[in-house]
Amino acid sequence: MTDEEWAFFAPFLIENRSRGGRPPADHRRVLDAVFWIARTGSPWRDLPSEFGNWNSVFRQYRRWTEAAVWDVVLAALVESEASDTATQMIDSTIVRAHQHAAGGKGGIHRNGVGRSRGGLTTKIHARTSADGLPVGLHLTPGQAADVTAYDDLMAEDAPDPAAMLADKGYDSVAIRDDLEGRGAKPVIPTKSNRKVQRPVDRATYALRNRIERFFNKLKHSRRVATRYDKRANSFFGFIQIATIRTWIRFVHAA
């Protein structure tokens, strides 16, 4: 990672240990190792030796994930107001789950893995700013309808939008009423079987390509493009890490 990235991550990751305890690990090297796993999609056991012991890195990643460190980092980026949240978008993308992703404690459905014609899949739902930067993320089994994640996405600690862009999959009375109750304008095309067809501003709706581009960038991380993790929070952690790096690049460029 760059020095700028480490300067951002360091305050969230460096832990204060009690006197006499084990000395703190090289968190920068551990985080670099996690980035390497996220980018390449390699198994933990294939981690190059220069990053340290693979099991130590894995356990530290699990500690950070279970402590909700990535949630705190994302919340800090959203609160920075570096991106315009007046216009927001929601959408989802499906990820193929590897056979190793099956067998998690509690069953596949409790870990966000579902069965469909294409085999095991999981679905990533995102709510983004006008720049295509996520202010909310959610995970469901692959066969779940897009609308099922709407309430979870809107429950995220982020400002309410003035306009919400979404495709026809989100065209429901409940969603339109909720958005209007929040003071937001739904920019959602109506389904063809509706009696009343609502017009959509094409220029505004065209901005929705930015959330599609976010999903494209997200899948540059091979650990996200294909799911290998049994536990939902482990896989979600890699999604958050890839998202955070996208946010940081945007902030530094701005």
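In case you missed it, the structure is sitting above this.
Just so we're clear, the structure is a prediction, and the values are computed from it rather than from any experiment. (Residues numbered from 1 in each chain as written. Predicted model: local features only at pLDDT ≥ 70, side-chain atom pairs only at ≥ 80, totals over all residues. Heavy atoms only, no water.)

**Student:** Account for the pattern of salt bridges, naming residues and giving values.
**Tutor:** A full pass over the atoms with the stated rule returns 13 salt bridges. Here Arg-245 makes a salt bridge to Glu-5, at a shortest N to O gap of 2.9 Å. Linking Arg-245 in helix α10 (residues 232-253) with Glu-5 in helix α1 (residues 3-13), this pair joins segments that are 240 residues apart in sequence. The residue Arg-194 makes a salt bridge to Asp-171 at a minimum N-O spacing of 2.8 Å. Taken together, the residues span a long stretch of sequence, with Arg-194 in the loop between β6 (185-187) and α7 (202-205) and Asp-171 in the loop between β5 (163-165) and α6 (173-181) at a distance of 23 residues. (Salt bridge = Lys/Arg side-chain N within 4 Å of Asp/Glu carboxyl O. Helix = DSSP H or I, 4+ residues; strand = E, 2+ residues; numbered from the N terminus.)

**Student:** Run through helix α3 (residues 54-66), naming residues and quoting values.
**Tutor:** An ideal rise of 1.5 Å per residue puts 18 Å on 13 residues; α3 measures up with 18 Å between its terminal C-alpha atoms. Close packing links the buried residues of α3 with α1, α2 (27-40), α4 (69-79) and α10. Backbone nitrogen of Asn-55 and a side-chain oxygen of the N-cap are separated by 2.9 Å at the start of α3; the cap is Asn-53. Taken from the residues just after α3, Ala-68 is the one with a positive phi, measuring 60°. (Expected span 1.5 Å × (residues − 1). Contact = heavy atoms within 4.5 Å. Polar contact = N/O pair within 3.5 Å; in protein donor to acceptor, adjacent residues only side chain to side chain.)

**Student:** I'd like a rundown of unusual backbone geometry, residues and numbers included.
**Tutor:** Although it is not a glycine, Ala-68 sits at a positive phi angle of roughly 60°. The backbone phi angle of Glu-81 is positive, close to 60°, even though this residue is not glycine. Mapped onto the elements, Glu-81 comes out in the loop between α4 and β1 (87-97).

**Student:** Could you give an account of the packing of α1 against α10, with specific residues and numbers?
**Tutor:** Interhelical geometry of α1 versus α10 gives an angle of 115° and a closest axis separation of 11 Å. Regarding α1 and α10, the two cross each other, and that crossing is right-handed. Contact with α1, carried on its side by Glu-4, Glu-5, Phe-8 and Phe-9, involves Ile-244, Arg-245, Ile-248 and His-252 of α10 and no other residues of that element. Within the contact of α1 with α10, the residues separate by chemical class into four nonpolar, one polar and three charged. (Axes fitted to C-alpha atoms, helices over the stretch in contact; angles between N-to-C directions. Left-handed = near helix turned anticlockwise from the far one by under 90°. Nonpolar A, V, L, I, M, F, W, Y, C, P; charged D, E, K, R; others polar.)

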